[in-house]
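# Coordinates in review
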Amino acid sequence: MSDADRDRVTTGEGLERSTDRRSLLINTGLTAMAAVSASVAGASTGFIERMLRERFAELSPERKAAILGQLEREVGERYGRDVSIENTSPMDGVEFAYGLDIARCVGCRRCVYACVHENNQSRDPQIHWIRVLRMEKERGIDLTESNAYYEPPEVPEPDAFYLPVACQQCRHPACVKVCPVKATWQEPDGIVVIDYDWCIGCRCCMSACPYGARHFNWSEPGISSEEINPKMHYLGNRPRPNGVVEKCTFCIQRSRKGRWTGCVEVCPVGARKMGNLLDPDSDIRKVLAEKKVFRLRADLNTYPKFFYFM
């Protein structure tokens, strides 16, 4: 192998051009590995069928409607509820961004549990798309010394402040670049999504994400029929199969209908803002114009659309 060819393999240049998902599965033996993993994790018999299906985004409207109908029946039967699974498209002229006032945040974690309920995250084992990090005021923002498992008698604590972290919806997402099967991508409205039926569970995206915002689903989601949110989106809060990665999608089932995300709506102190970057009158544009803002790990040039301010 020449040095040029070796560099192409190392960097992944030409991977998308020369390899599609099906050939990657076959040529690298991932089909067999996935089948073993699925058996160990207790995956459904439809696992391999989902793995070999054509890419959802490239299917005809009729085929998409058939898949959504099938998913609604499967999920409805599993939880004994009437559910709807939509595929609402991005709105024209909209690019979502988020702002969080760390001077107001009191560390109550209501956002965490509103997100769990809204997005059908597993209760057993627990999966949280939002982590609230406790910081010492004397140290300032120090991610290495933060504590996500604080349990004080009450919050806020006088010697601490709090930094909630979730998917930063980067303009140049590292997670998207490393996915070997292109199961994750950025939509026109800026939301980075995952096709759970296309994900092979390799967890490359988790390693690449500098914010720890992606989570692996080790088992069937532990959600009861009473806890399930029946209003779902194919790329968002529908129950994920085990063996795939999941993360925040700015509550795609709400935001694409002009509603606030669950975390914005529940915040008792109004610390969270969301809006359209392309609209000069939106809340997020006002934050950017009037506040001192910063982004986590700005040195990595991922350009998050999640802005912190005070």
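No experiment lies behind these values; they were computed from the predicted model shown. (Residues numbered from 1 in each chain as written. Predicted model: local features only at pLDDT ≥ 70, side-chain atom pairs only at ≥ 80, totals over all residues. Heavy atoms only, no water.)

### A few points about the overall build of the protein
- For the protein, the helix and strand inventory stands at 12 helices and 12 strands.
- Out of the 310 residues in the protein, the part that is buried amounts to 48%.
- Relative to all contacts within the protein whose residues are 6 or more apart in sequence, the contacts with residues 24 or more apart total 66%.
- When the accessible surface of the protein is totalled, it reaches about 15,600 Å², and 51% of it is carbon and sulfur. (Helix = DSSP H or I, 4+ residues; strand = E, 2+ residues; numbered from the N terminus. Buried < 20%, exposed > 50% of the residue type's maximum accessible area, 1.4 Å probe, protein only. Contact = heavy atoms within 4.5 Å. Areas by Shrake-Rupley, 256 points an atom, 1.4 Å probe, with all protein chains shown as cover.)

### A short note on the nonpolar core
- In terms of nonpolar packing, the biggest core is built from 55 residues, with Ile130, Tyr234 and Tyr308 touching the most fellow members.
- If we skip the residues at most four places from it in the chain, Tyr308 touches Leu100, Ile102, Leu163, Pro164, Val165, Gln168, Lys292, Val293, Phe294 and Leu296.
- Core analysis: the next-biggest nonpolar cluster, separate from the first, contains 15 residues, Val181, Ile194, Cys199 and Cys205 among them. (Core = buried A, V, L, I, M, F, W, Y, C linked by side-chain atoms within 4.5 Å.)

### Considering the environment of Val244
- Within the secondary structure layout, Val244 lies in the loop between β8 (231-233) and β9 (245-246).
- Residue Val244 is classed as buried on the basis of its relative accessible area, which comes to 1%.
- As a C-alpha pair, Val244 and Cys202 span 42 residues in sequence and 8.2 Å in three-dimensional space.
- Residue contacts for Val244: discarding those within four places in its chain leaves Tyr196, Cys199, His215, Phe216 and Asn217.

### Things to note about the packing of aromatic side chains
- One pass over the full model with this rule turns up seven aromatic pairs.
- With 3.8 Å between their ring centres and 15° between their planes, Phe56 and Tyr234 make a pair best called stacked. Here Phe56 is found in the loop between α5 (47-52) and α6 (61-79), whereas its partner Tyr234 is found in the loop between β8 and β9, with 178 residues between them in sequence.
- The class for Phe56 is buried, based on a relative accessible area of 3%.
- Overall, the relative accessible area of 0% leaves Tyr234 in the buried class.
- Arranged with centres 4.7 Å apart and planes meeting at 20°, the rings of Tyr98 and Phe306 form a pair that is stacked. Of this pair, Tyr98 sits in strand β2 (residues 96-101) while Phe306 sits in strand β12 (residues 306-309); the two residues are 208 residues apart in sequence, bridging distant segments of the chain. (Phe/Tyr/Trp six-rings, centres within 6.5 Å; stacked < 30°, edge-to-face > 60°.)

### Details of unusual backbone geometry
- Following Asp124, the chain continues into Pro125 via a peptide bond in cis, with omega recorded as 0°.
- With respect to the secondary-structure elements, Pro125 resides in the loop between α7 (110-118) and β3 (131-136).
- A cis geometry characterises the amide bond from Val155 onward to Pro156, with omega recorded as 0°.
- Structurally, the position occupied by Pro156 is in the loop between β3 and β4 (160-165).

### Observations regarding the sheet that holds strand β10 (residues 272-276)
- Spatially, the four strands line up as an open sheet ordered β10-β2-β12-β11, and their pairing is mixed. If you trace the sheet from one side to the other, it starts and ends with β10 and β11 (293-294), each paired once.
- Note that β11 and β12 share two bridges and pair antiparallel. Bridged to Phe294 within β12 is Tyr308. (Pairing = 2+ DSSP bridges.)

### A closer look at the side chain of Asp189
- Relative to the helices and strands, Asp189 resides in the loop between β5 (184-186) and β6 (192-194).
- Take Asp189: its relative accessible area is 0%, and that puts it in the buried class.
- A distance of 3.4 Å separates a polar atom in the side chain of Asp189 from the backbone nitrogen of Ile191.
- Of the polar contacts made by the side chain of Asp189, one reaches the side chain of Arg256; its length is 2.8 Å.
- Ignoring anything within four residues of it in the chain, the contact list for Asp189 reads Pro90, Val94, Glu95, Phe96 and Arg256. (Polar contact = N/O pair within 3.5 Å; in protein donor to acceptor, adjacent residues only side chain to side chain.)

### Here's the deal with the pairing of β2
- Taken across its six residues, β2 has six buried, putting it largely inside the fold.
- Neither face of β2 is left uncovered, since the one carrying Phe96, Tyr98 and Leu100 and the one carrying Ala97, Gly99 and Asp101 both have all their residues buried.
- Of the pairings in the sheet, the one linking β2 to β10 comprises five bridges and is antiparallel in character. Directly across from Leu100, in β10, lies its bridge partner Arg272.

### Things to note about the pattern of salt bridges
- Taken as a whole and assessed by the stated rule, the structure comprises 17 salt bridges.
- A salt bridge links Lys257 to Glu86; the nearest nitrogen and oxygen atoms lie 2.8 Å apart. With Lys257 in the loop between α10 (252-255) and α11 (262-266) and Glu86 in strand β1 (residues 84-86), the pair connects residues that are 171 residues apart, well separated along the chain.
- The class for Lys257 is partly exposed, based on a relative accessible area of 49%.
- Note on Glu86: relative accessible area 31%, which makes it partly exposed.
- Notably, a salt bridge pairs Arg256 with Asp189, separated by 2.8 Å at the nearest N-O pair. Taken together, the positions of Arg256 in the loop between α10 and α11 and Asp189 in the loop between β5 and β6 put the pair 67 residues apart, joining distant regions of the chain.
- Arg256 sits in the buried class, given a relative accessible area of 5%. (Salt bridge = Lys/Arg side-chain N within 4 Å of Asp/Glu carboxyl O.)

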